[in-house]
Amino acid sequence: MDIKITRAKQLKNKPDESNLGFGHYFTDHMFVMDYTVEQGWHNAQIVPYGPIPMDPASMVLHYAQETFEGLKAYRNHDQILIFRPEMNAKRMIASNERLCMAEVSEELFVEAVEAIVDYEKDWVPSAEGTSLYIRPFCFATEAGVGVHPARAYKFIIILSPVGAYYPEGVNPVKIFVEDEYVRAVVGGTGFAKCGGNYAASIAAQVKAEKMGYTQVLWLDGVHRKYVEEVGTMNAMFVIDDEIVTAPLEGSVLPGVTRDSCIQILKDWGYTISERHLDIDDLMEYAKNGRLKEAFGTGTAAVISPIGELSYKGNVQIINDFKTGELTCKLYDELTGIQWGTKADPYGWVKTVK
Ligand SMILES: *Cc1c(COP(=O)(O)O)cnc(C)c1O
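It should be emphasised that the depicted structure is a prediction, and the values quoted were computed from it without experimental measurement.

The rules behind each value
Residues numbered from 1 in each chain as written. Predicted model: local features only at pLDDT ≥ 70, side-chain atom pairs only at ≥ 80, totals over all residues. Heavy atoms only, no water. Buried < 20%, exposed > 50% of the residue type's maximum accessible area, 1.4 Å probe, protein only. Helix = DSSP H or I, 4+ residues; strand = E, 2+ residues; numbered from the N terminus. Pairing = 2+ DSSP bridges. Right-handed = clockwise from strand over helix to strand, strands pointing away. Domains from an automatic or database assignment. Contact = heavy atoms within 4.5 Å. Buried area = accessible area lost by both parts, 1.4 Å probe. Salt bridge = Lys/Arg side-chain N within 4 Å of Asp/Glu carboxyl O. Disulfide = S-S within 2.5 Å. Core = buried A, V, L, I, M, F, W, Y, C linked by side-chain atoms within 4.5 Å.

Moving residue by residue along a regular strand, the side chains alternate between the two faces of the sheet. With 4 of 5 residues buried, strand β9 (residues 173–177) is to be regarded as a mostly interior element. With 4 bridges connecting them, β9 and strand β16 (residues 302–311) associate as parallel partners. In the strand pairing of β16, Ile175 is matched with Leu309. Here β9 runs beside strand β10 (residues 215–219); their pairing, made up of 3 bridges, is parallel. Each bridged residue has a counterpart across the sheet, and for Phe176 the counterpart in β10 is Val216. The parallel pair β9 and β10, bridged by helix α4 (residues 195–210), forms a crossover whose chirality is right-handed.

Dropping the structure here:
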């Protein structure tokens, strides 16, 4: 791919690495590429980060043909590492297919991610726990207000230096089990990483936050009975000697972190089951102590221990609201592989040249 580069006239001051937060700062440049039915993907560019002119009839603004990805680049001294970018590429292909959007091939996706990260490598922070969050996204730009698959798209990658997702550090979070709103149903777009899923979920998030909870745990959209996932993370539950997570049947987002945790846990000899878990059973296990640990998995927070579950007024504390032993061990292993401080037997980490 030929990438035309336009350098920013003025570079920004880098933010204080000890206080990055999540998603507040953006780097000097972004990757942009256009698609039309006639030309396919073309006009690949690295340009100064900034506003993008859009026609008010751009179809994304009306019918929400938009998909996105999230991955991170990590600094290990002079090396910049990215974690399983081909998984994100494959997932975006699946998301775009579901939304009838033009496909960005795996090769193009990974090449574009590497190119922009390499160009902005000075922005990959080095303080402990920090990284460069990579946000590729794709949306319909064709101007028109009739409903049909758009004939023009943009693919953009923006970058944001980030600290820990939760400023308080790896501490247990309180989770509200949502029984009014639903996130996804089989046959819908639950497995696709698209903005529309989030638009529909914000009401539940706001409701949970008002009650002092960090995120919601979604139940399946049909029976409102089986545990699916947490706001921006997949969820895992250590019940006796079994680790349970929801199966990928179309309503759950196939997380890269989820997949990585499953592989590591299997290699450690744990029994991990991708199966339906009844919320009434889960609350019972939490009450009688059979639920040893619970945690969310996702790129942003990596592993996030769950310390409290609230469902229909029944509040249960998990593991005395402390981060569990396995949760800690998994966090250390996965972040160690990602930062290049632990061996990577899976070949998951890619060095950006
Ligand atoms: C992105 C996302 C996840 C986590 O996926 P990772 O690839 O592990 O970051 C989980 N659930 C939802 C709804 C998501 O959007």
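As a further point, take the domain arrangement of the protein chain. Under the domain assignment used here, the protein chain contains domain 1 (4–162) and domain 2 (173–339). Residue-level contacts link 25 residues of domain 1 with 23 residues of domain 2. Each partner contributes to the roughly 2000 Å² buried at the junction of domain 1 and domain 2, and carbon and sulfur atoms together form 62% of this total. For the pair domain 1 and domain 2, the interface holds 1 salt bridge.

One pass over the full model with this rule turns up 0 disulfides. Residue Cys138 stays outside any disulfide, its sulfur separated by 12 Å from that of Cys194, the closest cysteine.

On to the nonpolar core. With 47 residues, the main nonpolar core has Phe31, Trp41, Ile134, Phe155 and Ile157 as its most contacted residues. Elements represented by at least two residues in this core include exactly β2 (29–36), β3 (40–48), β5 (71–76), β6 (79–83), α2 (85–98), α3 (106–119), β7 (131–140) and β8 (152–162). Per-element tally for this core: the top contributor is α3, with 7 residues. If sequence neighbours within four positions are ignored, Ile157 has contacts with Met30, Phe31, Ala112, Val113, Ile116, Ile134, Arg135 and Pro136. The next biggest cluster of nonpolar side chains, apart from the first, holds 25 residues, and it includes Ile175, Ala235, Ala294 and Ile318.

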